[in-house]
Amino acid sequence: MIVISLGPERRVDPGEDELGRDRVGYGPTMSPTALYDACHGTWHLGERAQRERFALMTCDGVGVLAVAIDRVEPAPGGDEGREGARRSVIHGAVLTPGHAVHDAYVGKPSPLPPQRNPVGYFDAPEERSPCLCGCGEGTPAGKDFVTGHDQTAVHDRIRQLGGVRGFLAWFDRAHGHWPGINVIYEPVTLDGTPTGKPPRRRHLAGCDHHHTDDAGRILNPIRPATREEMASLPPCKDCVTAAAKAASGG
Ligand SMILES: [Zn+2]
Ligand SMILES: [Zn+2]
């Protein structure tokens, strides 16, 4: 949860304000919509903001507005040249009484102690989702696993196949080991009929811009590229990007 502590309402010049507003901050007579307009931007937000599901605005240590985040975007007209200088705007829906997050935080003491930086983060229980390893614990916002549980889950499965050697043999048999951009999706028409034309690109296994049926299954027959195709066919650009991203750990 992004927690932003607001100052009192003050007038600003709409010509100067990045969002064209005439006031920012918190005023006790503002409606929730007016308050949202006055406080959903513009803020210096870290990368973590992209994973958070809720934003809480506070004033004088008390929650005054809760927002379900739809997206966090760079403020319009910011200084794009200076990395890190860019401010962001939070877009989302104002939460109303009856929503668990509204009821837990609005009108209640801020979950964070007072701090110098107006923007802070709180690991809210409402944002946690069940860890995909099946342990029953909740993950931090935007994460699939509790830290380390992905590793444990993988190693559990390797152990079930008698260790790495057994696991590799099973994987290669069940899935096929195609680590490079060396997969051919045979060209098909929209209904899945092979066109008989030669393929034009090679891909990573799992490349997603192929024809699919209603259930999302890929219609193109898939096979490893031949040695000749590896030499003659260019790799798909999306797959090159995906492979580079995977190699850099991101
Ligand atoms: Zn777990
Ligand atoms: Zn591709």
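Not measured: the values here are computed from a predicted model.

Visitor: Hey, could you go over the overall build of the protein chain for me, with residue numbers and the actual values?
Guide: Per the secondary structure count, the protein chain includes 6 helices and 10 strands. Computed over its C-alpha atoms, the radius of gyration of the protein chain comes to 25 Å, more than 25% above the 18 Å expected for a compact globule of 250 residues. With the C-alpha coordinates aligned to their principal axes, the bounding extent of the protein chain is approximately 70 × 45 × 35 Å. Residue pairs in contact within the protein chain that sit at least 24 positions apart in sequence constitute 52% of those at least 6 positions apart.

Visitor: Run through the environment of E229, naming residues and quoting values.
Guide: Within the fold, E229 resides in helix α5 (residues 227-232). Separated by 71 residues in sequence, E229 and I158 have C-alpha atoms that sit 33 Å apart. Look past the residues within four positions of E229 in its chain and what remains in contact with it is I184, P199, R202 and R223.

Visitor: Would you mind going over the pairing of strand β7 (residues 88-94) in detail, with residue names and values included?
Guide: Note that strand β4 (residues 41-43) and β7 share 2 bridges and pair antiparallel. In the sheet register, W43 faces β7, and the bridge partner there is S88. Here strand β6 (residues 62-74) pairs with β7 via 7 bridges, running antiparallel. Opposite V72, over in β7, you have I90 as the bridge partner.

Visitor: Can you explain the sheet that holds β6? Please cite residues and give values.
Guide: Read across the open sheet, the 6 strands follow the order β4-β7-β6-β5-β1-β8; overall the sheet is mixed. Edge positions in the sheet fall to β4 and β8 (119-121), since each has one partner strand and no second. Across the sheet, the axes of successive neighbouring strands diverge by a mean angle of 40°, strand direction being ignored. Across 6 bridges, the pairing between strand β5 (residues 54-59) and β6 is antiparallel. Counted as the bridge partner of F54 is A68 from β6. Sitting on the sheet, helix α1 (residues 32-39) is in contact with β4, β5, β6 and β7, with an inclination near 55° to β6.

Visitor: Account for the pattern of salt bridges, with residues named and values stated.
Guide: In the structure shown here, the tally under the stated rule is 11 salt bridges. Close ionic contact of D22 with R11 constitutes a salt bridge, the shortest N to O distance being 3.8 Å. Taken together, the residues D22 in the loop between β2 (10-11) and β3 (23-24) and R11 in strand β2 connect sequence positions 11 residues apart. A relative accessible area of 40% means that D22 is categorised as partly exposed. Owing to a relative accessible area of 61%, R11 belongs among the exposed residues under this scheme. The salt bridge involving D123 is made with R128; its shortest N-O contact spans 2.7 Å. For R128, a relative accessible area of 35% gives the class partly exposed. The structure contains a network of salt bridges with shared partners spanning E9, R11, D22 and R23.

Visitor: Which residues make up the domain arrangement of the protein chain, and what values go with them?
Guide: Interface size is commonly expressed as the accessible surface area that is lost when the partners come together. Taken domain by domain, the protein chain consists of domain 1 (2-127) and domain 2 (178-247). Between the C-alpha centres of domain 1 and domain 2 the distance comes to 44 Å.

Visitor: Could you give an account of the side chain of H203, naming the residues involved and the relevant values?
Guide: Along the chain, H203 turns up in the loop between β9 (183-185) and β10 (222-224). Residue H203 is classed as buried on the basis of its relative accessible area, which comes to 5%. With sequence-adjacent residues up to four places away left out, H203 is seen in contact with G180, I181, N182, V183, Y185, H209, H210, C236 and C239.

Visitor: Could you give an account of the coordination of the zinc ion (ligand 1), naming the residues involved and the relevant values?
Guide: Around a metal, the ideal angle is 109.5 degrees if four donors adopt a tetrahedral arrangement and 90 or 180 degrees if six donors adopt an octahedral arrangement. Looking at the metal site, the zinc ion (ligand 1) is ligated by C131 (SG), C133 (SG), C135 (SG) and H149 (ND1), spaced 2.0 to 2.4 Å from it. Taken in chain order, the donor set of the zinc ion (ligand 1) reads C-x1-C-x1-C-x13-H. Residue classification places C131 among the buried residues on the basis of a relative accessible area of 5%. C133 gets classed as partly exposed once you look at its relative accessible area, which sits at 32%.

Visitor: Describe in detail the state of the cysteines, supporting the description with residues and values.
Guide: Among covalent bonds in proteins, the disulfide is the one between the sulfur atoms of two cysteines. For the coordinates displayed, the defined rule picks out 0 disulfides. As a non-bridged cysteine, C39 has C59 as the owner of its nearest cysteine sulfur, 10 Å distant. Judged by its relative accessible area of 1%, C39 is buried.

Rules of the game
- Residues numbered from 1 in each chain as written.
- Chains lettered and ligands numbered in written order.
- Predicted model: local features only at pLDDT ≥ 70, side-chain atom pairs only at ≥ 80, totals over all residues.
- Heavy atoms only, no water.
- Helix = DSSP H or I, 4+ residues; strand = E, 2+ residues; numbered from the N terminus.
- Rg over C-alpha atoms; globule rule 2.2 N^0.38 Å.
- Contact = heavy atoms within 4.5 Å.
- Pairing = 2+ DSSP bridges.
- Axes fitted to C-alpha atoms, helices over the stretch in contact; angles between N-to-C directions.
- Salt bridge = Lys/Arg side-chain N within 4 Å of Asp/Glu carboxyl O.
- Buried < 20%, exposed > 50% of the residue type's maximum accessible area, 1.4 Å probe, protein only.
- Domains from an automatic or database assignment.
- Donors = N, O, S within 2.8 Å, 3.2 Å for Na, K, Ca; no water.
- Disulfide = S-S within 2.5 Å.

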